Amino acid sequence: MLGYREKERVSKTACILLSADDNVAVTTIAIEAGEVLPGGALARTRIDPGHKVAVRDIRKGEPVVKYAQAIGRATSDIAAGDHVHSHNLAFDEDRLSVTGLAQPEAATPADKARTFMGYRRADGRAATRNFVGIIASVNCSTTVCRAIAEAANRTILPHYDGIDGFVPIVHDQGCGMSSTGDGMRTLHRTLAGYTRHVNFAGVLMVGLGCEVNQLTLYGQSGAGAGKRHFNIQDAGGSRRAVENALGILREIAAEVGTARREPISVSEIIVGLQCGGSDGLSGITANPALGVAVDLLAGAGGTAILSETSEIYGAEHLLRSRSVNDAVAVKLDGLISWWEAYVAQHGASLDNNPSPGNKKGGLTTILEKSLGAVAKGGRSPLTAVYNYAERVTEHGLVFMDTPGYDPVSATGQVAGGANVIAFTTGRGSCFGSRPVPSIKLTSNTALYRAMEEDMDIDCGVIASGDISVSALGREIFDLIIDTASGQKTKSELFGYGDNEFVPWHLGATL
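Since we're looking at a predicted model, the values are computed, not measured. (Residues numbered from 1 in each chain as written. Predicted model: local features only at pLDDT ≥ 70, side-chain atom pairs only at ≥ 80, totals over all residues. Heavy atoms only, no water.)

A.B. asks: Describe the overall build of the protein chain, and please don't skip the residues or the numbers.
C.D. replies: Along the backbone of the protein chain there are 14 helices and 21 strands. A compact globule built from 510 residues would reach a C-alpha radius of gyration of about 24 Å, and the protein chain, at 24 Å, matches this within 12%. With the C-alpha coordinates aligned to their principal axes, the bounding extent of the protein chain is approximately 75 × 50 × 45 Å. Residues counted as buried form 60% of the 510 residues belonging to the protein chain. In the protein chain, 71% of the contacts between residues at least 6 apart in sequence involve partners at least 24 apart. Just so you have it, the protein chain exposes about 18700 Å², and 50% of that area is on carbon and sulfur atoms. Considering the protein chain, the positive charge centre built from 47 side chains and the negative charge centre built from 55 side chains are found 3 Å apart. (Helix = DSSP H or I, 4+ residues; strand = E, 2+ residues; numbered from the N terminus. Rg over C-alpha atoms; globule rule 2.2 N^0.38 Å. Buried < 20%, exposed > 50% of the residue type's maximum accessible area, 1.4 Å probe, protein only. Contact = heavy atoms within 4.5 Å. Areas by Shrake-Rupley, 256 points an atom, 1.4 Å probe, with all protein chains shown as cover. Lys, Arg positive; Asp, Glu negative; His and termini not counted. Charge placed at Lys NZ, Arg CZ, Asp CG, Glu CD.)

Listed below in structure tokens is the structure:
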């Protein structure tokens, strides 16, 4: 298994060797030619932070090993001390066997007894925020939905301190597509998930009237004060639609504006796990620290949603080995097979996934990126696998099928019920996902210092040896609880979240 938590503290060094089985180490700072590496070899060239350096000779065609797992094969002979990256390492289908299952970070009786201050809905579910949603059924009602939200926040919100805000949920789909098939089913499931999201105390859906995605498809179910809807064409036009909406929203606000927080078990927190703009330290600092928090939350009865199927490719065997039963493992295998066929159909490869920013940060292959990404899920058993935007009902660590593109992935998690998002980054992704608060975790201290106004926790202190992965994981666990209780994250304070609703677009545009 992965070796990034075998030592309680990471030593203060220019390089980290993650496992005794590895033939590369990861630099934590820029190192110069001649510096001593783990194992005694000397660096043969300058190497940037987050990049890999060979700690022993690697012959052409041999696996390059990191996290005690193959991340690809050497495309040329590599000498100890050489920089290892795209010029001498390439993707390969190798998977190394899982030799044992490490135990998850143990939740204590005190962890299991913890509560957060949340909103208890009439149907028994627990919310972390108290928003009212204005949801577009189609791209044609987007401008009107934004106008409604702006007017409601200006004229209604000041009278109700119990409401966090009026949120426009808008997108570019809903028409010019088939009324049947994967595309419409996915959009409908995603929008339905938002209409019933527990963080929306009330919802108003707005359509145009002639679109493929008709409002009548959604029924009347919703959270709190319920879901109400109308079409712009029936209202008599855009301005009248805004006036009509404000009347409805005043009624909703009167019903939900007096809501107050109360103690609720942490077992009702559902965290969506995201990483974007990863670098060479993401799988060493931020992701495994978040994994500790996930283990604590799962041990206390809560739920964490791991996603981004295209970014677990190459590490799926580690998740499979932790599946609670064969059905979960088989469903995960089916997702991987679907993605292999999907990208092949479009003339692409899953190894195209590492972005230019990822590679600049030191990541070379999808196998390497995936092994670090999976660390977000800690070491807890995998209890269930869900389709995109499907409602999550199991507790513990679960997996949801999503693309690796962060806004699309987080949209599916929120539709599935996530009431907190925890987002790691090594390059500086800026993100919010209303109605759900988003916590941002940096993998390196330089990024945290450069973008402190956007980032909530600096996980780079692990690489510098100032704190253990376990201890920082507990700090993240605490922050998740504080955030669920109403403490605003940096992205909330700035106002992120109105533009990051991006449903997965499947199927033909007609």
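A.B. asks: Tell me about the pairing of strand β5 (residues 69-74), and name the residues and values.
C.D. replies: Most of β5 is tucked away, with five of its six residues classed as buried. Bridging between strand β4 (residues 63-66) and β5 involves four bridges; their strand directions are antiparallel. Paired with Val 64 across the two strands is Gly 72, which belongs to β5. In this structure, the hairpin formed by β4 and β5 is closed by a connection of two residues, where Tyr 67 is found at a positive phi of approximately 60 degrees. Sheet topology note: the β5/strand β7 (residues 89-90) ladder contains two bridges and is antiparallel. In the sheet register, Arg 73 faces β7, and the bridge partner there is Ala 90. (Pairing = 2+ DSSP bridges.)

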